[in-house]
Amino acid sequence: LGINHNTTLEILNVCSSELGPACGDIFGAVLGQNTTSLREVDLSNNKIGDIGASALGKSLFRNSSLKKLNLYQNDIGDSG
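Let me begin by describing the structure that accompanies this report. (Residues numbered from 1 in each chain as written. Predicted model: local features only at pLDDT ≥ 70, side-chain atom pairs only at ≥ 80, totals over all residues. Heavy atoms only, no water.)

Details of helix H1 (residues 21–32)
Inclusion rule: Runs of H or I in DSSP of at least four residues are treated as helices and runs of E of at least two as strands, each being numbered from the N terminus. Here a helix's expected span is defined as the number of its residues, less one, multiplied by 1.5 Å. For each residue, the accessible area found with a 1.4 Å probe, counting protein chains only, is set against the maximum for its type, and the residue is called buried under 20%, exposed over 50%, and partly exposed in between. Note on contacts: a residue pair is in contact if any heavy atoms of the two residues lie within 4.5 Å.
Taking 1.5 Å of rise per residue, 12 residues should cover 16 Å, and H1 covers 17 Å from first to last C-alpha, within 8% of that figure. Those residues of H1 lying buried are Cys23, Gly24, Phe27, Gly28, Val30, Leu31 and Gly32. On its buried side, H1 packs onto strand E1 (11–13), strand E2 (40–42) and helix H2 (49–60). Looking one or two residues beyond H1, the residue adopting positive phi is asparagine 34, at roughly 55°.

Below, the structure written as structure tokens:
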């Protein structure tokens, strides 16, 4: 994604975009680099699932700018 070196975009809304588990890997990689100015990301109403949520979670500990991540209605269970 072209947002990994972004310095102006602070809020990204991609809700209801039919994003699947692979997008969890992609967003996780971008957010884990901590080179973006994103404060809020809305991934609600997609199909991230347990696999995508797990990938996101593993990378977020390196991010200091993100304050809000919306994963509502993504079929995420206990393993995600």
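From this point, the narrative continues.
Focus: the pattern of salt bridges
Defined as follows: Should a side-chain nitrogen of Lys or Arg be within 4 Å of a carboxyl oxygen of Asp or Glu, the pair is scored as a salt bridge.
Summed over the entire model, instances satisfying the criterion amount to 2 salt bridges. The salt bridge partner of glutamate 10 is arginine 39, with a shortest N-O separation of 2.9 Å. With glutamate 10 in the segment before E1 and arginine 39 in the loop between H1 and E2, the pair connects residues that are 29 residues apart, well separated along the chain. Look at arginine 39 and you get partly exposed, because its relative accessible area is 33%. As a salt-bridge pair, glutamate 18 and lysine 47 come within 3.9 Å of each other at their nearest N and O atoms. In this pair, glutamate 18 sits in the loop between E1 and H1 while lysine 47 sits in the loop between E2 and H2, placing the two residues 29 residues apart along the sequence. In this structure glutamate 18 comes out as exposed when scored by relative accessible area, which is 64%. When its relative accessible area of 48% is taken as the criterion, lysine 47 is described as partly exposed.

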